[in-house]
Amino acid sequence: MRDVIIIGGGISSHTAALYTARASLKPLVISGPELDQLSLTTSVENFPGFPDGIQGPDLINNAKKQAQKFGAEYIEGLVDSFEVNENKFIVGVKDKKYEGRTIIICTGASARKLGIPGEDKYFGRGVSTCAVCDAALYGGKDVVVIGGGDSAMEESLALYKFAKKITIVHRKDTFNASKIMQDRVLKLTDKINVMWDTSVTEVLGDGKFVTGVKTKNIKTNEESELKVDGMFLAIGHIPNAKIFEGKIDLDEHGYIITDKLSRTNIEGVYAAGDVQDPIFSQAVTSAGTGCQAAIQAERRIENLKAKGEY
Ligand code: NDP
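Within each chain, residues carry numbers counting from 1 in the order of the written sequence. pLDDT decides what is reported in this predicted model: residues at 70 or higher carry local features, side-chain atom pairs at 80 or more are listed and counted, and totals for whole chains, interfaces and linings draw on all residues regardless. Side-chain measures were taken over the full set of non-hydrogen atoms in the model, leaving aside hydrogen atoms and water.

**Comments concerning the layout of surface pockets**
Heads up, the condition is: We place a 1 Å grid over just the protein atoms. Points where a 1.4 Å probe fits but has no way out form a cavity, open points with protein on both sides within 12 Å along at least 5 of 7 lines form a pocket, and any residue with an atom within 4 Å of a point lines it. Grid points are joined across faces, edges and corners, and a volume is the space filled by probe spheres set on the points. Secondary structure elements are taken from DSSP: a helix is a run of H or I of four residues or more, a strand is a run of E of two residues or more, and numbering for both begins at the N terminus. Just so you know the grouping, Ala, Val, Leu, Ile, Met, Phe, Trp, Tyr, Cys and Pro go in nonpolar, Asp, Glu, Lys and Arg go in charged, and all remaining residues, Gly too, go in polar.
Of the pockets and cavities examined, the second largest pocket occupies roughly 210 Å³. What lines the second largest pocket is a set of 13 residues, and nearest its centre among them are T15, L18, F47, A63 and Q66. Looking at the lining of the second largest pocket, the element that brings in the most residues is helix α1 (residues 11–22), giving five residues. Classifying every residue of the lining of the second largest pocket by side-chain character gives nine nonpolar, four polar and no charged.

Dropping the structure here:
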């Protein structure tokens, strides 16, 4: 029986592992095959403490090493079951079961993709899901942003400071973003234009980087090509919380509901990072909630001991 089991392998997970390891709780971290968001990014310039920026994969690897240095144990595996059993939790990976007194869920959220040719090939080389992270790399360049929600508006505003021209490609003739966000974007006509009723059907490239996209008007079926250096996907995220459905409270978009103390509705189960955060989704906020969850788990273990229930 472990004091703490942490599920996931992103920055919230490594931070929770670091804190619980330093508290001598010997955490077990179980992380699946999908890479976390930072490992998919290049230079991270907004994580405090690195004035020259740091490569996303380096930040992640350093954080993991730091947690291991204090005794965190890591295993690879996709968690496929989760059971609540009186005073313990049982986490399954295929036919193996791991028991914990507390659980910290850090399974993240995966950016939704279009599933079109070229999208995976050029991911991280022109295709991005995070303008806040990558906008500065597109100084003086032309880009497309896909989507019509608040994220698409936010991505476009982030890119506005750097890019030469931004084309928002949306599959409908109205945005679903909040009015205030739409208004902010639509008045920036010097750089931003919108292609309504349009889908992107293929990402084009020179073998190394994105050089353009193919588009299709949904109403007229007219196809065209747009020369761009970047394509930003803002078509929503899918929180990786499916296995907790019915056991832990999720919001209407499938995110785990947490309180200010990173607690879920089940005592002893905490959640941190993007799986419980549809708003900020930043490396630093993920690390912050990982820290909170770890401190809460530590307090719970102390309480169990004090009550003689350990
Ligand atoms: P949304 O679900 O609101 O919007 C997703 C957009 O992507 C929609 O316009 C949708 O189009 C489009 N889309 C979805 N799938 C596809 C597809 N396969 N091909 C093309 N287009 C597609 O997601 P967001 O990430 O924008 O927002 C999520 C939540 O987070 C919202 O509640 C939002 O308000 C909130 N948020 C708040 C922010 C803020 O307050 N600053 C910033 C960012 C997000 P369609 O309408 O046709 O389905």
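Continuing now.
**Looking at the sheet that holds strand β15 (residues 210–217)**
Strand pairing within a sheet occurs via backbone hydrogen bonds; the two strands may be parallel or antiparallel. Using the following cut-off: Here the rule is simple: two strands pair whenever DSSP picks up at least two bridges between them. In this description, a line fitted to the C-alpha atoms serves as the axis of each element, helices being fitted only across the stretch in contact, and the angle between N-to-C directions of two axes falls anywhere from 0 to 180 degrees.
The strand order across the open sheet formed by three strands is β14-β15-β16, and the pairing between neighbours is antiparallel. Sheet topology places β14 (198–205) and β16 (223–227) at the edges, where each strand pairs with a single neighbour. Across the sheet, the mean angle separating the axes of adjacent strands is 25 degrees when strand polarity is ignored. Bridge count between β15 and β16: five bridges; the pairing is antiparallel. The residue bridging T215 from the neighbouring strand is S224, located in β16.

**What to know about helix α2 (residues 56–69)**
Formally: One fewer than the residue count of a helix, multiplied by 1.5 Å, yields its expected span. Any residue under 20% of the maximum accessible area for its type is buried, any over 50% is exposed, and the rest in between are partly exposed; the area is computed with a 1.4 Å probe on protein chains only. As used here, the arc belongs to the directions running from the helix axis to the C-beta atoms. In this description, contact between two residues means that some pair of their heavy atoms is separated by no more than 4.5 Å.
With 14 residues, α2 extends 20 Å from end C-alpha to end C-alpha; this agrees with the ideal 20 Å at 1.5 Å per step. The set of residues buried in α2 consists of G56, L59, I60, A63 and A67. Along the axis of α2, the buried residues cluster in a sector spanning 95 degrees; they form a single face. Those residues of α2 that are exposed and angled more than 90 degrees off the buried face are K65 and K69. For α2, the secondary structure elements touched by its buried residues are α1, β3 (43–44), β4 (54–55) and β5 (73–76). Looking at the residues trailing α2, positive phi occurs at G71, about 110 degrees.

**Considering the side chain of S286**
Relative to the helices and strands, S286 is located in helix α6 (residues 283–306). A residue is classified by how much of its surface remains accessible, and S286, at 7% relative accessible area, is buried. Not counting the four nearest positions on each side in its chain, S286 is found in contact with I11, S12, G273 and D274.

**Examining the site of the ligand**
This is how it is decided: It suffices for a single heavy atom of a residue to lie within 4 Å of a molecule or strand for the residue to be listed as near it. Identification of polar contacts relies on pairs of N or O atoms within 3.5 Å, with a donor-acceptor requirement for protein atoms, meaning one able to donate a hydrogen and the other able to accept it, and with residues adjacent in sequence counted only if both atoms are side-chain atoms. Under the convention used here, a 1.4 Å probe and the Shrake-Rupley method define accessible areas, while residue burial counts only the protein chains that appear.
For the ligand, the set of nearby residues contains 15 residues, the closest of which are G148, D150, S151, R171 and N176. Contacts to the ligand include G149, whose backbone N or O atom sits 3.4 Å from an oxygen atom. Expressed as a share of its isolated accessible area of 910 Å², the protein-covered part of the ligand is 69%.

**Looking at unusual backbone geometry**
The backbone of K94 shows a phi angle near 50 degrees, a positive value even though the residue is not glycine. With respect to the element layout, K94 can be found in the loop between β7 (88–93) and β8 (96–105). Look at K94 and you get exposed, because its relative accessible area is 71%. Even without being glycine, S262 reaches a positive phi, approximately 65 degrees. With respect to the secondary-structure elements, S262 resides in the loop between β18 (237–239) and β19 (269–271). Looking at S262, the relative accessible area reads 1%, which means it is buried.

**Focus: helix α5 (residues 179–186)**
Of all the residues in α5, the buried ones are M181, Q182 and V185. Around the axis of α5, the buried residues are gathered within 100 degrees of arc, so they sit on the same side. Turned more than 90 degrees from where α5 packs its buried face, K179 and I180 sit exposed. Packed against the buried residues of α5 are α4 (150–160), β12 (165–169) and β13 (192–195).

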